[in-house]
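So you can see what is in the structure, the chains are spelled out below.
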Amino acid sequence: MFFNIRETRLANVVLVRHHILRPHQTPEETISRGDLHPDAIHLGAYSDESLIGVLSAGPEPFPHKEVARCWRLRGFAVYPDYRGRGVGSALVEAIISLLRARECSFVWGLARVSVLGLYSRAGFRTYGEVFDIGHVGPHCTIVSQLRESNVDL
Ligand SMILES: CC(C)(COP(=O)(O)OP(=O)(O)OC[C@H]1O[C@@H](n2cnc3c(N)ncnc32)[C@H](O)[C@@H]1OP(=O)(O)O)[C@@H](O)C(=O)NCCC(=O)NCCS
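Predicted model, so just to flag it, every value in this text is computed and none were measured.

Caption draft 1: Up close: the environment of Thr-26. For Thr-26, the position within the fold is in the loop between α1 (10-21) and β2 (41-47). As a C-alpha pair, Thr-26 and Val-14 span 12 residues in sequence and 8.6 Å in three-dimensional space.

Caption draft 2: Broad picture of α1. With 12 residues, α1 ought to run about 16 Å at 1.5 Å a step, and its terminal C-alpha atoms sit 15 Å apart, in line with that. Along α1, the residues that are buried comprise Leu-10, Val-13, Val-14, Val-16, Arg-17, His-18 and Ile-20. Those residues of α1 hidden inside the fold are in contact with β2, β3 (50-59) and β4 (70-78).

Caption draft 3: View of the pairing of strand β5 (residues 106-112). A large share of β5 lies buried, amounting to five of its seven residues. Note: β4 against β5, three bridges, orientation parallel. Residue pairing for β5: Trp-71 is matched across the bridge by Val-107. Regarding the hand of the β-α-β motif, the stretch spanning β4, helix α2 (residues 87-101) and β5 is right-handed. Pairing geometry for β5 and strand β7 (residues 137-145), over seven bridges, is antiparallel. Note that in β7 the partner of Gly-109 across the bridge is Ile-142.

Caption draft 4: Geometry of the site of the ligand. Contacts to the ligand come from 16 residues, most closely from Phe-76, Val-78, Gly-86, Ser-89 and Arg-121. Between the ligand and the protein, one listed contact pairs an oxygen atom with a backbone N or O atom of Gly-84 at 2.8 Å. Summarising the interface, the protein chains cover 65% of the accessible area of the ligand, which totals 920 Å² for the free molecule. Of all the cavities here, the one that holds the ligand is the largest pocket. Each residue belonging to the shell around the ligand can be placed in one class, and the counts come to eight nonpolar, four polar and four charged.

What counts, and where the lines are drawn
Residues numbered from 1 in each chain as written. Predicted model: local features only at pLDDT ≥ 70, side-chain atom pairs only at ≥ 80, totals over all residues. Heavy atoms only, no water. Helix = DSSP H or I, 4+ residues; strand = E, 2+ residues; numbered from the N terminus. Expected span 1.5 Å × (residues − 1). Buried < 20%, exposed > 50% of the residue type's maximum accessible area, 1.4 Å probe, protein only. Contact = heavy atoms within 4.5 Å. Pairing = 2+ DSSP bridges. Right-handed = clockwise from strand over helix to strand, strands pointing away. Near = heavy atom within 4 Å. Polar contact = N/O pair within 3.5 Å; in protein donor to acceptor, adjacent residues only side chain to side chain. Areas by Shrake-Rupley, 256 points an atom, 1.4 Å probe, with all protein chains shown as cover. 1 Å grid on protein atoms, 1.4 Å probe; cavity = no way out; pocket = protein on both sides within 12 Å on 5 of 7 lines; lining within 4 Å. Sits in = over half its atoms within 2 Å of the grid points. Nonpolar A, V, L, I, M, F, W, Y, C, P; charged D, E, K, R; others polar.

Here is the structure:
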């Protein structure tokens, strides 16, 4: 399957978030403050000009420790018919390379335990214990240090 990844508008991203991740919320309710930051990145994976997957990142402090130039991943989702073909991995790889170019030092996020293998192959590791988020199931904090830093994590 051919697909390409490019920056897209938040208005497109929130529709996919609503469909896949948070059907109980309206698309607008899935927007967080970091999404609206001027430096936020919203990536879409497109196949035949249809949006098939999304991933966003925005500057947001790491809640467990003070870290400079810190970004958070949000809203990672691929439509079921397109999963297991590398779209999700390509979205993570693309956002990491954009973050490196923007001199981001540290990326974190909350990941479903079922997705830890994918994140681990992209250079992330877990931080802290597994915890439950409501009806969504077990999650873990994931982190990746993109640059040398004197912060010991
Ligand atoms: C998580 C999610 C975004 C991953 O998207 P995806 O496009 O399926 O991701 P990939 O195809 O890159 O990887 C998925 C699996 O397929 C495998 N895979 C990747 N390319 C492949 C290929 N060409 N052929 C066969 N398998 C492949 C990967 O190794 C990975 O295996 P793993 O689950 O054992 O780690 C998607 O499953 C999803 O939207 N899930 C529901 C929402 C969700 O859980 N979001 C994440 C919240 S943290």
